[in-house]
Amino acid sequence: MTAKIIDGKLIAKKKREEIAAEVEQLKSLGITPGLAVILVGDNQASKVYVGSKERACHELGMHSVLAKYPASLSEDELLEKIQELNKDDRIHGILVQLPLPGHINEKRVIEAISPDKDVDGFHPVNAGRMMTGQDAFLPCTPFGIMVMLQEAGIELTGKHAVVIGRSNIVGKPMGQLLLNENATVTYCHSRTKDLKKFTLDADIIVSAVGKTNMVTKDLVKPGAVVIDVGMNRDEEGKLCGDVEYAEVKEVAGYITPVPGGVGPMTITMLMFNTLKSARKAAEKTATL
């Protein structure tokens with residue numbers, strides 16, 4: 001048995017076409033969805049991600065603002081910029097590119113962003129809304145994975161999902177979103193003893209640990225859905241995930257490749273969240 005590939009590029013393309021159509025509708029009402037990205041320092045990976053976000057905005061007809069600052073920017077100066085953007089009606093989404101320089105408190109920065117413009121879905125208010133099943137801006141990578149599962153027609157109710165990783169950005173919200181759709185969720189992490197015991201019982205495995213070839217075929221139940229969130233480099237410098245793709249695809253029922261799997265969905269859902277925020281702003285204006 002060879003796994004069916006869940007093509008993130010194809011699903012992202014479809015979703016972006018839908019987003020572009022809605023952006024045009026909003027523009028006809030005089031509202032252009034706007035995303036502001038703040039980049040502090042010159043981390044090369046961050047520059048690449050920010051460039052991708054800018055391109056996506058332009059392709060979808062959105063307003064894009066990039067605020068670049070040197071690594072020496074003070075925390076107070078950054079917080080001041082965020083407050084300025086919170087008050088700017090042309091900006092519907094604010095994203096501070098992580099990681100930040102060591103002298104800046106990331107938690108304080110995230111909490112300074114208005115929950116109504118928190119299109120990354122990291123603010124405690126949105127995390128709490130997600131936890132309690134309320135309408136919220138969902139973290140983009142887990143949100144993208146949920147859309148991929150839906151598009152692939154994978155039923156989640158009653159399924160056992162194992163999430164490997166417990167970060168605030170992917171692991172924790174991923175488990176919560178699966179739970180919200182009636183899956184039974186197990187979290188595993190670096191201190192889990194006998195990982196294989198849990199993964200062999202899993203109908204769905206989501207690996208988000210950033211460790212090359214961590215998930216091998218002996219950890220996967222035949223027919224399981226395997227979602228690879230890892231973005232690593234192998235010994236030859238080639239992009240790869242957490243999953244030993246070549247061997248696991250011969251056991252799994254569904255699998256996501258790296259690249260071309262989860263990656264394209266992350267920025268797509270960021271665009272979706274920005275559109276959603278603009279739509280909410282339009283509705284609020286209409287009721288005034």
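Quantities reported herein were computed from a predicted structural model and do not represent experimental measurements.

Novice: I would appreciate a short explanation of the sheet that holds strand 11 (residues 254-255) in the present structure.
Specialist: Note on sheets: strands pair through backbone hydrogen bonds, and any given pair is parallel or antiparallel. If you trace the six strands from one edge of the open sheet to the other, you get 1-11-8-7-5-6, paired in parallel fashion. Of all strands in the sheet, those with a lone pairing partner are strand 1 (4-5) and strand 6 (184-188), marking the two edges. In the sheet, strand 7 (residues 204-207) pairs with strand 8 (residues 225-228) via four bridges, with the strands oriented parallel. Its bridge partner lying in strand 8, Val206 is registered against Ile227. Against the sheet, helix 7 (residues 171-180) contacts strand 5 (160-164), strand 6 and strand 7, and its axis sits at roughly 165 degrees relative to strand 6.

Novice: What is the right way to read the pattern of salt bridges from this model?
Specialist: Pairing is possible between side chains that carry opposite charge, provided their charged atoms lie close to one another. Counted by the stated rule, this structure contains 14 salt bridges. We note a salt bridge from Arg16 to Glu59, for which the minimum N-O separation is 3.8 Å. Of this pair, Arg16 sits in helix 1 (residues 8-28) while Glu59 sits in helix 2 (residues 44-59), and the two are 43 residues apart along the sequence. Residue Asp203 pairs with Lys221 through a salt bridge whose shortest N-O separation is 2.8 Å. Separated by 18 residues along the polypeptide, Asp203 in the loop between helix 8 (195-199) and strand 7 and Lys221 in the loop between strand 7 and strand 8 bring together distant segments of the chain. What emerges from the salt-bridge pattern is a single network uniting Lys14, Lys15, Glu18 and Glu151.

Novice: Sorry if this is basic, but what is going on with the state of the cysteines here?
Specialist: Disulfides are covalent bonds that link the sulfur atoms of two cysteine residues. By the definition in use, this model includes zero disulfides. Cys57 carries a free sulfur, and the closest cysteine sulfur to it, the one in Cys140, is 12 Å from it.

Cut-offs applied
Residues numbered from 1 in each chain as written. Predicted model: local features only at pLDDT ≥ 70, side-chain atom pairs only at ≥ 80, totals over all residues. Heavy atoms only, no water. Pairing = 2+ DSSP bridges. Helix = DSSP H or I, 4+ residues; strand = E, 2+ residues; numbered from the N terminus. Contact = heavy atoms within 4.5 Å. Axes fitted to C-alpha atoms, helices over the stretch in contact; angles between N-to-C directions. Salt bridge = Lys/Arg side-chain N within 4 Å of Asp/Glu carboxyl O. Disulfide = S-S within 2.5 Å.

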